[in-house]
Amino acid sequence: MSSVFRRSLLLGTVLLPVSVQAQEILSPVVVTAPLPQTSQADLVEGSSILSGDDLDRRRAATLGETLRGLPGVSSTSFGPGAGRPIIRGQGGPRVRAMENGLDTFDAATVSPDHAVAAPMGGAQRVEVLRGPATLLYGSSAIGGVVNVIDGRIPDSVPKNGVGGTARLDYGSAAQEKSGFAGIDAAVNDRFVVHGEAGALTADDYRAGGGRTVDNSSMRIQNGAVGASYLGEAGYVGASVSHFSSYYGIPGDEAVHIDLQQTRLDTRFGLYDPLPALEEVKLKLGYANYLHDEIEPTGEPATRFDNDSWEARLEAIHKPLFGGNDGVVGVQSTRRDFSARGEEAFLPATVTDSNALFLLERYDTGSWLFALGGRIEQVEIDNLTATNDRDYTPASASFSATWRFTQGWQAGAALSYTERAPAAEELYANGAHLATRSFEIGNVDLAKESAWYSEISLRKVQGDVTGGVNLFATRYRDYIYGAFTGNQQDGLDELQIGQTDADFRGVEVDAAWTFWRGPVKNRRMGLDGGVDFVRAEDRSNSSALPLIPPLGYRLGFVAEQDDLGFRLELAGVARQDRTGANEAATDGYRVINAAVTWRPFSENRNVALLLQGRNLADEEGRLHTSMLKDQAPIRGREIRLGGSVTF
């Protein structure tokens, strides 16, 4: 090892990654997109992909915490046990959280204290699409999509007949201990079976300055079995999984949530079923979800039930003329939701949605064009009253990418999207102690509609890569909740209403490999980024609530085949553009460091990870969290981890 390289390693290391590293920043294939071989370079809108070492360094108990700090991504962060992603200031029912392309089938959109039923221990890859994805995934994707991809249904035969992963992790801030093991075994050259199990336990965590956050402990368990037949003409697979989580909600009430979900997924596909079709794919998913909200006495006060299913049929056609491909599909979902008990602030409802969508793409080499549309029928039945509602959201989009010289491209996208109100926005009426609010819905809500535009400029090859994305969304009848300043039952009143609103923002990210060594793939580089979104009520030019502040990241990397060092400075600015009856939040900055070591040069499948998170023990608070005062970010933490793949 050269002395220059050795000294640089001792100085520090990069960033817990912005997205992906220098040469790969825009090259990976996006599984979430239905057309095959869609890469990040094909997308005008911003996107992030986490996998491999990048995902291991960011992996946390919840989906929101795992993704927080990616460009344009924040989290609701309702304590360590519940966190849902916020994308470009959009959250709740505007961001679609999925597992393997289907819904997570939970109650996380109902309230930020409800966890996303997607265990992070078994995640192999997480994709984030920033910007409307309503054409393909419905009106609940008007703000973006997060897709967690795991291996519950095998999609390939292991090379040596058996393959798998085992992982152990420890975190000092909450005495957190977690483990995961998954295995694929080939019964023959076509039939593969899968099994996995994971668990996590954590005590109350320590925030910056040494304060222990009471009632923040958690326990998570998950397991799954699956199998696939992978034939020459097509494939079929299925899996059954179970997820459970028991976690506390920080605050004076000492409420706990006991969550259980059992899920069934199936997947079918045919190659070349007809002369005009390249592939037909069918995905079916069903889940039985429930959680109890446990009072300090240990008695369950409220039970939430959610029986849901979703079906997606996609037909990918062969080129009708040179450079053309496309997909036509149908999607159908049902959500049977109920809440019973002392805090049943929502009535029992059934939501049915059926949709038809089409996306066409034409690639000339220098230009890539995409055009699509979707029509959807949404019916929401209130099972306890007669105020049922139905909506017909429609969406259309167009994008163009210009590859104007080697390694450079510019793009522009324009779309019109509509979203039907969610049942909780229509019918909420009652005390919700977890959020310290008395929530009042609005049965007269109209469809939410938006014009969205984005332009981007990217360099996708070479030692310097990166891009700039500028985006704007103009909403009509934007649905949001605002604190009125009044109280009911001793709780702050939260009223659901509509207004016209504007969202505007920018994302910049870049990576520079400034030195490469002659052996062992040695390199050193810098990477970083800035993201900002501004959201306001157009009727009075006031700020909307719970909008994330400006975020920034700056890091240094030094690595070779068997060793990687990373150092990062990341933070957010003060957020003083606040909604009505909303307090400002100070900014903060954290220093993170990570070392990845593969001790066996002949076997890169064994990896050890040492991390330091928030090394300066900063006391930071998330403006997007309704519990920012009760549950600040974690303080200084040392994390140890090890993984084996085979």
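This one's a predicted model, so the numbers in the text were calculated from it and none came from an experiment.

Chemist: Summarise the nonpolar core; cite the residues concerned and give the values.
Modeler: By size, the foremost hydrophobic cluster in this structure holds 30 residues, and its most contacted members are Tyr247 and Phe337. Contributing elements (two or more residues each) for this core: β10 (191–202), β11 (218–230), β12 (234–249), β13 (255–271) and β16 (324–341). Tyr247 has contacts with Gly81, Ala82, Asp113, His114, Ala115, Ser217, Met218, Val255, His256 and Ile257, leaving out every residue within four places of it along the chain.

Chemist: Outline the sheet that holds strand β7 (residues 144–149), listing residues and values.
Modeler: Pairing within the open sheet is mixed, and its 5 strands lie in the order β1-β6-β7-β4-β5. The sheet is open, and its two borders are formed by β1 (47–51) and β5 (102–103), each paired with just one other strand. The sheet contact formed by strand β4 (residues 95–99) and β5 spans 2 bridges and is antiparallel. When the bridges of β5 are listed, Glu99 appears paired with Leu102.

Chemist: Got a sec to walk through a nonpolar patch on the surface? Specific residues and values, please.
Modeler: Judged by side-chain polarity, Leu554, Leu567, Leu569, Ile591, Leu610, Leu615, Ile638 and Leu640 come together as a nonpolar surface patch covering roughly 620 Å² of accessible area. Among the elements of the structure, β30 (563–572) and β33 (637–645) are those that each provide at least two residues to the nonpolar patch. Mapped onto the elements, Leu610 comes out in strand β32 (residues 606–613). Among the residues examined, Leu610 registers a relative accessible area of 41% and is labelled partly exposed.

Chemist: Give a detailed account of the environment of Thr333, specifying residues and quantitative values.
Modeler: Inspection of the secondary structure puts Thr333 in strand β16. A sequence separation of 136 residues divides Thr333 from Ala197, and the C-alpha atoms of the two residues are 28 Å apart. Every residue in contact with Thr333, bar those within four places of it in the chain, is listed here: Trp309, Glu310, Thr351, Asp352 and Ser353.

Chemist: So, the packing of aromatic side chains: which residues are in play, and what are the values?
Modeler: Considering all chains together, one arrives at 16 aromatic pairs under this definition. On the basis of an interplanar angle of 0° and a centroid distance of 5.6 Å, the ring pair of Trp367 and Phe369 is categorised as stacked. Residue Trp367 is classed as partly exposed on the basis of its relative accessible area of 33%. Note on Tyr416 and Trp451: the rings are 5.0 Å apart at their centroids and 50° apart in plane angle, and the pair reads as tilted. With Tyr416 in strand β21 (residues 408–419) and Trp451 in strand β24 (residues 448–459), this pair connects stretches of sequence that are 35 residues apart. Put simply, the rings of Trp367, Phe369, Phe398, Trp402, Phe404 and Trp408 touch in pairs and so form one group of aromatic residues. Geometry around Phe471 places Arg88 over its ring, the cationic atom sitting 4.0 Å from the centre. For Arg94, the ring lying beneath its charged end belongs to Tyr475, and the centroid distance is 6.0 Å.

Chemist: Explain the pairing of β10 to me, and be specific about the residues and the numbers.
Modeler: In the sheet, strand β9 (residues 176–186) pairs with β10 via 10 bridges, with the strands oriented antiparallel. The residue bridging Ser178 from the neighbouring strand is Leu200, located in β10. If you look at the hairpin formed by β9 and β10, you'll find 4 residues sitting between the two strands. Pairing geometry for β10 and β11, over 12 bridges, is antiparallel. Following the sheet pairing, Thr201 is matched in β11 by Arg219.

Chemist: Tell me what's going on with the pattern of salt bridges, and back it up with residues and numbers.
Modeler: Applying the stated criterion across every chain yields a total of 52 salt bridges. Among the salt bridges present, the one from Arg206 reaches Asp617, with a minimum N-O distance of 3.3 Å. With Arg206 in the loop between β10 and β11 and Asp617 in the loop between β32 and β33, this pair connects stretches of sequence that are 411 residues apart. Its relative accessible area of 22% is what places Arg206 among the partly exposed residues. We classify Asp617 as buried; its relative accessible area is 16%. Linking Glu637 and Arg634 is a salt bridge whose minimum nitrogen-to-oxygen distance equals 3.3 Å. What you see here is one network of salt bridges that share partners, running through Glu99, Asp150, Arg152, Glu196, Arg263 and Asp265.

Chemist: Give a detailed account of the confidence of the model for the chain, specifying residues and quantitative values.
Modeler: With 96% of its residues at a pLDDT of 70 or more, the chain shows a mean pLDDT of 91. Confidence drops under pLDDT 50 across residues 1–26; counting only partners more than four residues distant or on other chains, this segment forms 94 contacts.

Chemist: So, the side chain of Asn382: which residues are in play, and what are the values?
Modeler: Relative to the elements of secondary structure, Asn382 occurs in strand β18 (residues 367–382). By relative accessible area, which is 7% here, Asn382 ends up buried. Separated by 2.9 Å, the side chains of Asn382 and Thr384 make a polar contact. Not counting residues within four places of it along the chain, the set of residues in contact with Asn382 comprises Pro347, Ala348, Thr349, Asn387, Asp388 and Tyr427.

Chemist: If you had to explain unusual backbone geometry to someone new, which residues and values would you point to?
Modeler: For Asn100, which is not a glycine, the phi torsion comes out positive at approximately 55°. Note on Asn100: relative accessible area 15%, which makes it buried.

Basis of the calculations
- Residues numbered from 1 in each chain as written.
- Predicted model: local features only at pLDDT ≥ 70, side-chain atom pairs only at ≥ 80, totals over all residues.
- Heavy atoms only, no water.
- Core = buried A, V, L, I, M, F, W, Y, C linked by side-chain atoms within 4.5 Å.
- Buried < 20%, exposed > 50% of the residue type's maximum accessible area, 1.4 Å probe, protein only.
- Helix = DSSP H or I, 4+ residues; strand = E, 2+ residues; numbered from the N terminus.
- Contact = heavy atoms within 4.5 Å.
- Pairing = 2+ DSSP bridges.
- Patch = residues over 30% accessible without salt bridge, like charges linked within 9 Å, V, L, I, M, F, W, Y side chains within 5 Å.
- Areas by Shrake-Rupley, 256 points an atom, 1.4 Å probe, with all protein chains shown as cover.
- Salt bridge = Lys/Arg side-chain N within 4 Å of Asp/Glu carboxyl O.
- Phe/Tyr/Trp six-rings, centres within 6.5 Å; stacked < 30°, edge-to-face > 60°.
- Lys NZ or Arg CZ within 6 Å of the ring centre and 35° of its normal.
- pLDDT = per-residue confidence, 0-100.
- Polar contact = N/O pair within 3.5 Å; in protein donor to acceptor, adjacent residues only side chain to side chain.

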